[in-house]
Amino acid sequence: MSDEMNTPQGTGGEITPDDKLWSLLGYILPIIALIAMLMEDKRARPFIRHNAVNALMIAVITILLSFTVCGWLIPFFYSIFLGIQAYQGQMPEVPVLTKLARDQGWL
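A short tour of the structure in this document, coming up.

Overview of the overall build of the chain
No. 1: For the chain, the count of helices and strands is six helices and zero strands.
No. 2: Helices (α) and strands (β) of the chain occur, in sequence order from the N terminus, as α-α-α-α-α-α.
No. 3: Out of the 107 residues in the chain, the part that is buried amounts to 38%.
No. 4: Long-range pairs, those at least 24 residues apart, make up 62% of the contacts in the chain with a sequence separation of at least 6.
No. 5: Here the chain displays about 6400 Å² of accessible surface, and carbon together with sulfur accounts for 68% of that area.

Here it is, written out as structure tokens:
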């Protein structure tokens, strides 16, 4: 398995089913990712924070591309794909966005 799909190391605990559910729902409904980032206990969980930040960035791209005819379809389905990976306990990496979030200190 590649490095980008491994579970996080040194998170101070296991990835719980609650973490997986919050991450999946955050990709499907970005408002859930926003709520997770506003809740101190959820934001403190590295797995939830990683997926919530990715989900919010994809949501912004989806909104920006929604002004084109079908531009929103690709990021929408990609976010569902990432949500399924998160629910399986993987820590998906969005090629450019995850690096940007790390460089900004969001992750």
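Focus on a nonpolar patch on the surface
No. 1: Together, Ile28, Leu29, Ile31, Leu34, Ile35 and Leu38 make up an exposed nonpolar region whose accessible area comes to about 540 Å².
No. 2: Looking at the nonpolar patch, the element that brings in the most residues is helix 2 (residues 30-38), giving four residues.
No. 3: Looking at where Ile28 falls in the secondary structure, it is placed in helix 1 (residues 17-28).
No. 4: Classification of Ile28 as partly exposed rests on a relative accessible area of 39%.

Points about the environment of Ile32
No. 1: Within the secondary structure, Ile32 is located in helix 2.
No. 2: Residues Ile32 and Ala52, spaced 20 residues apart in sequence, show a C-alpha to C-alpha distance of 8.2 Å.
No. 3: Apart from residues no more than four positions distant in its own chain, Ile32 is found in contact with Trp22, Leu25 and Gly26.

Overview of the pattern of salt bridges
No. 1: Tallied over the full model, the rule gives five salt bridges.
No. 2: For Glu40, the salt bridge identified is with Arg43, shortest N-O distance 2.3 Å. In this pair, Glu40 and Arg43 both sit in helix 3 (residues 40-43), three residues apart, roughly one turn of the helix.
No. 3: For Glu40, a relative accessible area of 54% corresponds to the exposed category.
No. 4: Across the salt bridge formed by Arg102 and Glu93, the nearest N and O atoms sit 2.6 Å from each other.
No. 5: Residue classification places Glu93 among the partly exposed positions, given a relative accessible area of 24%.

Brief notes about the packing of aromatic side chains
No. 1: Overall, the coordinates contain two aromatic pairs when judged by the stated rule.
No. 2: Ring centres of Phe76 and Phe77 lie 5.3 Å apart, and the angle between their planes is 70 degrees; this geometry places the pair in the edge-to-face category.
No. 3: You can call Phe76 partly exposed: its relative accessible area is 32%.
No. 4: Ring plane angle 25 degrees and centroid distance 6.3 Å describe the contact between Tyr78 and Phe81, whose orientation is recorded as stacked. Within this pair, Tyr78 and its partner Phe81 are both found in helix 5 (residues 73-87), separated by three residues, close to a single helical turn.
No. 5: Judged by relative accessible area, which is 29%, Tyr78 ranks as partly exposed.

Reading guide: rules and limits
- Residues numbered from 1 in each chain as written.
- Predicted model: local features only at pLDDT ≥ 70, side-chain atom pairs only at ≥ 80, totals over all residues.
- Heavy atoms only, no water.
- Helix = DSSP H or I, 4+ residues; strand = E, 2+ residues; numbered from the N terminus.
- Buried < 20%, exposed > 50% of the residue type's maximum accessible area, 1.4 Å probe, protein only.
- Contact = heavy atoms within 4.5 Å.
- Areas by Shrake-Rupley, 256 points an atom, 1.4 Å probe, with all protein chains shown as cover.
- Patch = residues over 30% accessible without salt bridge, like charges linked within 9 Å, V, L, I, M, F, W, Y side chains within 5 Å.
- Salt bridge = Lys/Arg side-chain N within 4 Å of Asp/Glu carboxyl O.
- Phe/Tyr/Trp six-rings, centres within 6.5 Å; stacked < 30°, edge-to-face > 60°.

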